[in-house]
Amino acid sequence: MKTEFNLVATAAAGLEAVVGREIRDLGIECQVENGKVRFKGGVDTIIRTNLWLRAADRIKIVVGEFPARTFEELFQGVFNLDWENYLPLGCAFPISKAKCVKSKLHNEPSVQAITKKAVVKKLQKYFHRPEGVPLMENGPEFKIEVSILKDRATIMIDTTGSSLFKRGYRTDKGGAPIKENMAAAILLLSNWYPDKPLIDPTCGSGTFCIEAAMIGMNIAPGFNRSFACEAWPWVDKKLVQSIRDEAEEKANYDIELDIIGTDIDARMIEIAKKNAREAGLEDVIKLKQMRLQDLKTDKINGVVISNPPYGERLLDDKAVDVLYNEMGQTFAPLKTWSKFILTSDENFETKYGSIADKKRKLYNGTLKVDLYQYFGQRVKRHQEEN
Ligand code: SAH
């Protein structure tokens, strides 16, 4: 089996650079591209990136890349890859995904079928199995993905399983939860650091608060779940355990954090509390029912992060206009606080009553949203006291 892999971490549009930074923070060199970040490493790197990347979607092994303008080229290209170094005899290897973009080959089901045939043929040859007799596929699963972009095929194996945004703590959600990896990415993009107070005044199921606490305590986001590759025979269980043990040692449960989540809806606060409990953070995050219009604080240099209702999703347009206006008035006195507001409303700034210092385009699922960023005035703590 292999010791060094070509890997990609996939990321939502707009978040690639955040994922790139996280990978570099793990001490791994990488290149940021559209929708993905490329890097290399061994099995330990596969485990470590699955366990630690907060903003990525999945970690995939790139088995190979080649031109594929015809089915024959696709078949030969797939057949020529070193499948024997990845797929043990008896494993299941569904071609779980085929995507063709701007390419001559565009019939995705056929691309899937040809790819399957080519892998089967290669394994039959390598393991000296008769052609025509199907291979048993009752072992561990390796999901193979084919992507053909501008006539170039990339063949990958998914190492993650269910997407990395599924951390394992979400027991319940409200009408419009933000994905966990998107929430983490926004926190990483913001100027929040664990020594600053953080408030999410529309906290819903508590995603921002829980992700912030996990960042603050240096808890690995994948700590509560497993990954598809852990079932593979060549992924050493002891190695996985040692990387998990190392993560446990790196966590700092003693750090003091000031993280508050509030929401107008008492049921959402109950859900947020349940999720925080599931993540083991119930004593760390303060959650209470409150209207955001009632937000007041004497603390300084904090960060407000909010993902308020958008017109299309939760409230009618008129109510959104009023809410955004009241939001502007409520946040205005918090001069030293930075505010990060995620909404799809293109007229947000007018309704809120202030132009953002910076805007960043992101996608919440398929919905285009903007992160409106307002930076707090800097105040040194001792100046404030004098
Ligand atoms: N980020 C959240 C989802 C937020 S959805 C998550 O991950 O679950 C928007 C939330 O704003 C809803 O939970 C809704 O109850 C709340 N909300 C609407 N109007 C509000 C108001 N005036 N004050 C406080 N919260 C409000």
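Criteria and cut-off values
Residues numbered from 1 in each chain as written. Predicted model: local features only at pLDDT ≥ 70, side-chain atom pairs only at ≥ 80, totals over all residues. Heavy atoms only, no water. Axes fitted to C-alpha atoms, helices over the stretch in contact; angles between N-to-C directions. Helix = DSSP H or I, 4+ residues; strand = E, 2+ residues; numbered from the N terminus. Parallel < 35°, antiparallel > 145°, perpendicular 65-115°, else oblique. Left-handed = near helix turned anticlockwise from the far one by under 90°. Contact = heavy atoms within 4.5 Å. Nonpolar A, V, L, I, M, F, W, Y, C, P; charged D, E, K, R; others polar. Expected span 1.5 Å × (residues − 1). Buried < 20%, exposed > 50% of the residue type's maximum accessible area, 1.4 Å probe, protein only. Domains from an automatic or database assignment. Buried area = accessible area lost by both parts, 1.4 Å probe. Salt bridge = Lys/Arg side-chain N within 4 Å of Asp/Glu carboxyl O. Polar contact = N/O pair within 3.5 Å; in protein donor to acceptor, adjacent residues only side chain to side chain.

Observations regarding the packing of helix 3 (residues 71-79) against helix 4 (residues 108-126)
Move 1: Packing of helix 3 against helix 4 leaves a shortest axis separation of 8 Å and a crossing angle of 40°. Relative to helix 4, the element helix 3 is oriented oblique. Remark: the crossing between helix 3 and helix 4 carries right-handed chirality. Where helix 3 approaches helix 4, its residues F71, L74, F75, V78 and F79 are matched on the opposing element by S110, V111, I114, T115, K117, A118, V119, K121, K122 and K125.
Move 2: Taken together, the residues of the contact of helix 3 with helix 4 sort by class into nine nonpolar, two polar and four charged.

Let's talk about helix 4
Move 1: Given a rise of 1.5 Å per residue, 19 residues ought to cover 27 Å, and the 27 Å separating the end C-alpha atoms of helix 4 matches this to within 8%.
Move 2: Regarding helix 4, the residues found buried are V111, I114, T115, A118, V119, V120, K122, L123 and Q124.
Move 3: Looking at the buried side of helix 4, the elements it contacts are helix 3, strand 5 (95-101) and strand 6 (143-149).

Brief notes about the domain arrangement of the chain
Move 1: Per the domain assignment, the segments making up the chain are domain 1 (5-158) and domain 2 (180-220 + 227-248 + 257-385).
Move 2: Area buried by domain 1 at its contact with domain 2 is led by I47, L51 and R54, which between them contribute 29% of it.
Move 3: Residue E246 is joined to R48 by a salt bridge in which the shortest nitrogen-to-oxygen separation is 3.3 Å.
Move 4: Applying the counting criterion to the domain 1 and domain 2 interface returns eight residue pairs in polar contact (both at pLDDT 80 or more).
Move 5: Per-element tally for the side of domain 1 that touches domain 2: the top contributor is helix 2 (residues 43-52), with eight residues.
Move 6: For the side of domain 1 that touches domain 2, the residue count by class is 17 nonpolar, two polar and eight charged.

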